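# Descriptive structure summary
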Amino acid sequence: VPCICNIHITDIKMVSVLGSLTKVFGLVGNNLFSTSTVVRSISQCMTQNTSWKSQTWTPLVTTVRYRYYADKIAKGPLLRNYGYEDKLHTKGLLPHMKSDRRLPIPIYRPKNNWATKRALFGQNDYIDILGNGTLHPTQVCYSVPYWLRGFKGNEFQMLLRKRKFFGKHMRLYRPSKYRDMNLRIRWLYRYLNRKTRDYFWKKA
Amino acid sequence: MSTSVTDFMKTSPVYEPTEGSTHTIQEGKEEDNTSFCKQLSCVCLCCSHLICTGSYGVLIELLVQVLHAAVMFYPAPAVSRLAAPLILDTRTERKRNIVDDREAWIETLDSDVSPSQIGLIKLHPDVFAAYPRLDIIHQNAVWQQKYRRVNYAQTKVLHEVRGGGRKPWPQKGSGRARHGSIRSPLWIGGCKSHGPRAYTTEFYMLSLMDRVHGLLSTLSAKFAQDDIKIVEDLEIPSDEAPYIEKLCEERHWGPAVLFVDDTDIMPRNISIATNTIFHYNIMPVYGLNVHSMLKHDTLVLTVAAVQRIEERLLFHLNRPDRHIVTSSRFKRPAI
């Protein structure tokens, strides 16, 4: 609040009232000259009445949204029909909108089809035919985890295989995971053997 | 008027043309034979698992210096730089059913030699003139893509989703639908009933003969379309990439070229030249496969590679235990 010398301030409440009034009139920090004139008029009003605590005193109340028209324009147009989405595009290729903003179209990044792994994909798949016959393609599947090479099975079979390979290690170093795996195995055993049909027993 | 390989090798390293031949010996070729190519600081590209790729260029430069003292001699192939003409016929027996042998030029990768064709090779029709079965080629290509695939996708099951142990409201009285857990598949934020569960493999094995016929069909199709070029060896005079690029451009070898040799230790120059060019790749014979043959437009085989391929595929076509091999199911290796 700027220091106003013209007014003799007795009451603290009067200061706060004056401060709020100066803000309402949009005078904070800028025009000290105008401040002084306006405030003087207020003080003159005040002094005319007996005291601002008496019931007969009514403050001058003026409702003003914007002190300056420029501020109103700067804020923008009045928002009407809040929540209504005007669907301008109804046909054709529509932009992917999410909460009134278009989602960005991702930049196209083509794959390098001649990267080493893609250029040499499938190498050694016929090593048992074209090699000397000692190696099988499953033995050279290095991209596949070693416990899954040459394996195909449902989740139950896969978990049993996983337990066979890693059970001992998991018991010591991943006890919660081991417990969860066992629970899952048990659940799958009951589900597959008691709740579902496997249609294999006829062939046995 | 063709000589067998064994006779050829027994007599002399230089092929003497028989009478009636229209070609002439090019002099000066014999000198090239010893000085040029065989004293190489060759680079071992194969790791312990016998997988060879021609593209580990970073290692090559280091290893060349390391191996400078210990020079590894590239084993001289059966066909070395020789005087033209050179006609190779690997079949010693003649079959009753007369199917014409297919013939192909033997070329050089040395652009100084003109013309580039230095000989003729006869190819076995059972390997290079088999009927190209497109369905078998497709089967093989799909198998190659699928059998090594592992799906790591996983969705959470009821007991794995955080929370949801308590019954949200009593069974009766509230007027709402009955529920046992807030993480059931009916709820938002709940589990997925039959979603993917990690480590799903699509492994399966095609039978041996299916894969053999896949190779035969692909080789035959490529040969019929003039996409197979036979070369005496993979020696080139310079180790610069533009050399091999220019060579392939001049000869209209497709955008992508696959060089195949019998060994996995490739000559130095071609390894370095093709290192930076990703669509020119080098492979040993045991790495040859249907997918790579389809991916690369031109297949460049050395004579040694052709001999090896023919021998292997004919062996599998005519093996005495074929009926056992085709009927037996694949047994997962015991671990």
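Residues numbered from 1 in each chain as written. Chains lettered and ligands numbered in written order. Predicted model: local features only at pLDDT ≥ 70, side-chain atom pairs only at ≥ 80, totals over all residues. Heavy atoms only, no water.

### Focus: the overall build of chain B
Our working definition: The numbering of helices and of strands both runs from the N terminus, where a helix is a DSSP run of H or I of at least 4 residues and a strand a run of E of at least 2. Only protein chains enter the accessibility calculation, which uses a 1.4 Å probe; a residue whose area is less than 20% of its type maximum is buried, one above 50% is exposed, and one in between is partly exposed. Here a residue-residue contact requires only that any non-hydrogen atoms of the pair lie within 4.5 Å. For the area figures, the Shrake-Rupley method with a 1.4 Å probe applies, and any residue is considered shielded solely by the protein chains shown.
Helix and strand content of chain B: eleven helices and ten strands. The buried share of chain B, taken over its 335 residues, is 48%. Residue pairs in contact within chain B that sit at least 24 positions apart in sequence constitute 74% of those at least 6 positions apart. For chain B, the exposed area adds up to about 18000 Å²; of that, 54% sits on carbon and sulfur atoms.

### Concerning the environment of Ser184(B)
All names here are of chain B. By secondary structure assignment, the location of serine 184 is in the loop between strand 5 (150-151) and strand 6 (200-201). A sequence separation of 23 residues divides serine 184 from valine 161, and the C-alpha atoms of the two residues are 9.3 Å apart. With residues up to four places along the chain from it excluded, the contact list for serine 184 reads Leu158, Gly190 and Cys191.

### Brief notes about the packing of helix 5 (residues 134-146) of chain B against helix 6 (residues 208-224) of chain B
All names here are of chain B. Selection criterion: For every element, the axis is a line fit to its C-alpha atoms; helices are fit only across the contacting stretch, and the angle between N-to-C directions ranges from 0 to 180 degrees. Throughout this description, any angle smaller than 35 degrees is read as roughly parallel, any larger than 145 degrees as roughly antiparallel, any in the 65 to 115 degree range as roughly perpendicular, and the remainder as oblique. What makes a crossing left-handed is the near helix being turned counterclockwise from the far one by less than a right angle; a clockwise turn instead makes it right-handed. Gly is placed with the polar residues, together with every amino acid not listed as nonpolar (Ala, Val, Leu, Ile, Met, Phe, Trp, Tyr, Cys and Pro) or charged (Asp, Glu, Lys and Arg).
Closest axis-to-axis distance for the helix 5/helix 6 pair is 8 Å, and the angle between their directions is 115°. Between helix 5 and helix 6, the angle is such that the two are roughly perpendicular. Like other packed secondary-structure pairs, helix 5 and helix 6 cross with a definite hand, here left-handed. Judged by residue contacts, Ile136, Ile137, Gln139, Asn140 and Trp143 of helix 5 engage Asp210, Arg211, His213, Gly214, Ser217 and Thr218 from helix 6. Residues that form the contact of helix 5 with helix 6 fall into these classes: three nonpolar, six polar and two charged.

### Section: the interface of chain A and chain B
As a reminder of what qualifies: What counts as buried area is the accessible surface, traced by a 1.4 Å probe, that two parts surrender upon association, with contributions from both included. Throughout this description, the term salt bridge denotes a Lys or Arg side-chain nitrogen within 4 Å of a carboxyl oxygen of Asp or Glu. Nitrogen and oxygen atoms within 3.5 Å of one another constitute a polar contact, given that in protein one can donate a hydrogen and the other can accept it, and given that sequence-neighbouring residues count only through two side-chain atoms.
Contacts between the two partners involve 41 residues from chain A, matched on the other side by 51 residues from chain B. A buried area of about 4200 Å², summed over both sides, lies between chain A and chain B, and 61% of it is on carbon and sulfur atoms. The three residues of chain A that bury the most area against chain B are Trp114(A), Tyr126(A) and Leu130(A), which together make up 19% of that side's buried surface. Inspection of the chain A/chain B interface yields two salt bridges. We note a salt bridge from Arg211(B) to Asp128(A), for which the minimum N-O separation is 2.8 Å. Where chain A touches chain B, the interface holds 15 residue pairs in polar contact (both at pLDDT 80 or more).

### Here's the deal with the confidence of the model for chain A
Detailed reading of the predicted model is not advised wherever pLDDT is low. Basically, it comes down to this: pLDDT: the predictor's confidence for each residue, scored from 0 to 100.
The pLDDT averaged across chain A works out to 77; a share of 71% of its residues lies at or above 70. Counting contacts from residues 1-20 of chain A, a segment whose pLDDT is below 50, to residues more than four positions away or on other chains yields 13 contacts.

### Regarding the packing of helix 6 (residues 155-173) of chain A against helix 7 (residues 175-195) of chain A
Residues and elements named next belong to chain A. It is the contact of helix 6 with helix 7, at a shortest axis distance of 9 Å, that shows an interaxial angle of 155°. With respect to each other, helix 6 and helix 7 are oriented roughly antiparallel. Where helix 6 crosses over helix 7, the handedness of that crossing is left-handed. Residues Glu155, Phe156, Leu159, Leu160, Lys162, Arg163, Gly167, Met170, Arg171, Leu172 and Tyr173 of helix 6 form the contact with helix 7, whose own contacting residues are Pro175, Lys177, Tyr178, Met181, Asn182, Arg184, Ile185, Leu188, Tyr189 and Leu192. Taken together, the residues of the contact of helix 6 with helix 7 break down into 13 nonpolar, two polar and six charged.

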